[in-house]
Amino acid sequence: MENGSKGVRGSGTGNNRNGSVDPKIDPFVPRREHNPRELRSWAKRTGFVSDYSGEVGSSASVKFESLGRRGEGSSPKIEIDPTMGRSRPNRGNEIQPDSLGGGGVRNENELVFASAPDGDRKVGFRGSGNGNGNGIGMVNRDNNGHGISAVTPVPEEKKEENVAEGDVKVNVYSEAEQPPTIADADGGWKGPSELKCGLKENPGFVLLIYYGLQHYLSLAGSLVLIPLVMVPAMGGTDKDTATVISTTMFLSGITTILHSYFGTRLPLVQGSSFVYLAPALVIMNAQEYRNLTEHKFRHIMRELQGAIIVGSIFQCVLGFSGLMSILLRIINPIVVAPTVAAVGLAFFSYGFPQAGTCLEISVPQIALVLIFTLYLRGISVFGRHIFRIYAVPLSLTIIWIYASFLTAGGAYNYKGCNNPDIPSSNILTDACRKHAYTMKHCRTDVSSALSTAAWIRIPYPIQWGIPIFHFRTSIIMVIVSLVASVDSVGTYHTASLQVNSRPPTRGVVSRGIALEGFCSILAGLWGSGSGSMTLTENVHTIDTTKVASRRVVELGAVFLILFSCIGKVGALLASIPLALAASVLCFMWALTAALGLSTLQYAQSASFRNITIVGVSLFLGMSVPAYFQQYKPETNLILPSYLVPYAAASSGPFHSGIKQLDFAINALLSLNMVVTLLVALILDNTVPGSQQERGVYVWSRAEDVDVDPSLSSEYSLPKKVAWCCCWLKCLGV
């Protein structure tokens, strides 16, 4: 006998077979609350943005096809209403809501179709359907067609579901929000665990050593190759090159540790940057240094030291005074992307012309590093993607050995000039002079640094003499320090996402910029020839190695300091052939330009406004300096062709009668990154555009530090040193 006192929800009938009373129907409960962040109001305000299997779409009207049941030939479609910003119900497959003790109300804010592993169809709703807040209603249909319902509450902060691959997902965030991460047991924020080693994790001493050396080996090109370009152009000897390389490594280790404890506390490596290379080339090619023969290297180095110190003091003031927090309002991805890209593109006149002096070395080097990074990047050896992680040092070592075999085999032995100790060109014979340039750039035994360098040498301040301060060079470095700050701002934001953390607050960013200024002061005192800043390539290293531990970077910095005190290490690196170094830098500069343009992913890269601003900024950033660089110096015959563009500061078109000002203006307008930054900054902040379109950087608020334990532990200063820096709170830093 069937009991007719129970009604079946969704059966389509309300009659009782035995004629008893009708089943009890739950009363209708209207909604009494309104969530301003719900999908409907958000869609009206900003437009609908959805993703399907991780691919972002920008269409206002999108149709999704969900996965059908296994064995079925077709699957139902879910159409997204472009006005309401939610899915339209499919009348052919009506889904009944489940009751929660007689008081459940259907939630229509979000609909997720998922295909279970066993072939069952699962349909979930998310939103604020009841008086309590948010919930997810799941309806599972078994093979007999019966509905089995379950309700699982979710936190109010949760905006995204983790569904299986192939599911249809709709992500909804307000304009001022970032996609949240997963909360851990301590109340902090923990990333999707695709990282091998998180920000605060300690993998053990052995793995710390391995990951630390791995991290810095992947950055070898940025850390040691800049002196190979600068010192010979400054008239320095091989011994001077080895000393500058050791000094650069020493300062990189010291400043990285300082930044890890007192800066943003992100796992970022500090070191000599390509941002400072172009202005250094401009200063060293000034007219007064062109014909200088005696102690030319020391004169130019002292000039660079004074300019770097003044520019770094400005950067410190910018950070500690709180002005950087104001400047952050006008620095967006549309400004950062072309500026960083221009840093890499600026050296096109130096890259291959210098590498082309020895094609039998440079072409295989460029080809090999591209094969490692692109074609072999998916190959794993002992569980490690060594070709992707060690592309630069591995390819450099292989080609260096190959060049050594060419040198030992007599490939560069010419009649009458087989001596690797090539004298200066003014005392060479006519028969040998035409081969001297090739021998100097291709042979691996022309450097005398390895035989003359001391085993132990500790870099010390003022090792080149007292810095020289001039108005013209100081103005140049002040503007360059501003470019370096813009570069670092984009790196901070990108790195915070790579380590699965919330973006730092404005005060933390200002503190990081201020500390970079202090570290550049140290670089000016020690005489590395370049300022210190966050290496943009470090973000690529974190993404590749999946190692984001702060302790890994710190231990690697300690090893870098130890290696810098061994004079033979710097001397060995100084013996890299110039053509080989230039070919590696061709890849590094290209990677810098690509990393800069990748910043556009945080804005609407398909927007005509953004495309125009980036295109105009890059074009004018390359074309305007070309106009200034066409004013070649009268004595251009003594300059190599790749250094002629950097001599525009002494003979540019700007003439005001004040030599110091003329030099500064001509130099700044001949720098690609300065012109690009100026154009992008003006256009992005004057052309109308929404925050979503511009991709405005969203920084965490200062009050979030007190609420979110993760921010206080990730960005706040250590307790042991926080007490002596409490005065920085008055400045918002």
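About the cut-offs
Residues numbered from 1 in each chain as written. Predicted model: local features only at pLDDT ≥ 70, side-chain atom pairs only at ≥ 80, totals over all residues. Heavy atoms only, no water. Helix = DSSP H or I, 4+ residues; strand = E, 2+ residues; numbered from the N terminus. Buried < 20%, exposed > 50% of the residue type's maximum accessible area, 1.4 Å probe, protein only. Contact = heavy atoms within 4.5 Å. Phe/Tyr/Trp six-rings, centres within 6.5 Å; stacked < 30°, edge-to-face > 60°. Lys NZ or Arg CZ within 6 Å of the ring centre and 35° of its normal. Core = buried A, V, L, I, M, F, W, Y, C linked by side-chain atoms within 4.5 Å. Axes fitted to C-alpha atoms, helices over the stretch in contact; angles between N-to-C directions. Parallel < 35°, antiparallel > 145°, perpendicular 65-115°, else oblique. Left-handed = near helix turned anticlockwise from the far one by under 90°. Nonpolar A, V, L, I, M, F, W, Y, C, P; charged D, E, K, R; others polar. Disulfide = S-S within 2.5 Å.

**Observations regarding the overall build of the chain**
- Along the backbone of the chain there are 28 helices and 14 strands.
- The 733 residues of the chain split such that 50% are buried.
- When contacts within the chain are restricted to residue pairs at least 6 apart in sequence, long-range pairs at least 24 apart make up 74% of them.

**Notes on the packing of aromatic side chains**
- Tallied over the entire structure, the rule returns 11 aromatic pairs.
- Their ring planes at 20° and their centres at 4.6 Å tell us that F347 and W589 sit as a pair that is stacked. Here the residue F347 occupies a position in the loop between α9 (333-345) and α10 (351-355), and W589 occupies one in helix α21 (residues 578-597), the gap between them amounting to 242 residues.
- By relative accessible area, which is 3% here, W589 ends up buried.
- Considering the side-chain rings of Y697 and W699, the 5.6 Å spacing of their centres and the 50° angle between planes classify their relative orientation as tilted.
- Classification of Y697 as buried rests on a relative accessible area of 4%.
- Site record: aromatic cluster; members linked through ring pairs are F274, F347, Y350 and W589.
- Between the NZ or CZ atom of R472 and the centre of the ring of F663, over which it lies, the distance is 4.4 Å.

**A short note on the environment of V343**
- The residue V343 is located in helix α9 in this model.
- For V343, a relative accessible area of 4% gives the class buried.
- Each C-alpha atom, one on V343 and one on A593, is 6.9 Å from the other, the two residues being 250 residues apart in sequence.
- In contact with V343, other than residues within four places in its own chain, are F274, V275, T592 and M673.

**Things to note about the nonpolar core**
- Counting 117 residues, the largest nonpolar core has F274, V275, L277, F347 and I361 as its most contacted members.
- Sorting elements by how many residues they give to this core places α21 first, with 10 residues.
- Not counting the four nearest positions on each side in its chain, V275 is found in contact with V343, V480, V483, A484, D487, M533 and M673.
- If you look at the next biggest cluster of nonpolar residues, it comprises 10 residues, including I334, A341, A342 and A603.

**Examining unusual backbone geometry**
- A positive phi angle, near 55°, is found at I462, a position not held by glycine.
- Examined against the element boundaries, I462 turns out to sit in the loop between α15 (449-452) and α16 (471-498).

**Side note on the packing of α9 against helix α22 (residues 608-629)**
- At a minimum axis distance of 10 Å, the contact between α9 and α22 shows a crossing angle of 30°. On the basis of the axis angle, α9 is roughly parallel to α22. Both α9 and α22 take part in a crossing whose hand is right-handed. When α9 is examined against α22, the residues I334, P338, A341, A342 and L345 are found in contact with a partner set consisting of N610, I613, V614, S617, L618 and M622.
- A breakdown of the residues in the contact of α9 with α22 according to their chemical character gives nine nonpolar, two polar and no charged.

**Description of the state of the cysteines**
- Under the definition given, this model contains one disulfide.
- Bridging C358 to C442, the disulfide has an S-S length of 2.3 Å. Within this pair, whereas C358 is found in the loop between α10 and α11 (359-375), its partner C442 is found in helix α14 (residues 430-442), the two being separated by 84 residues in sequence. Of the two residues examined, C358 and C442, each falls in the buried class.
- C316 provides the cysteine sulfur closest to C519, a residue in no disulfide bond, and the two sulfurs are 8.5 Å apart.

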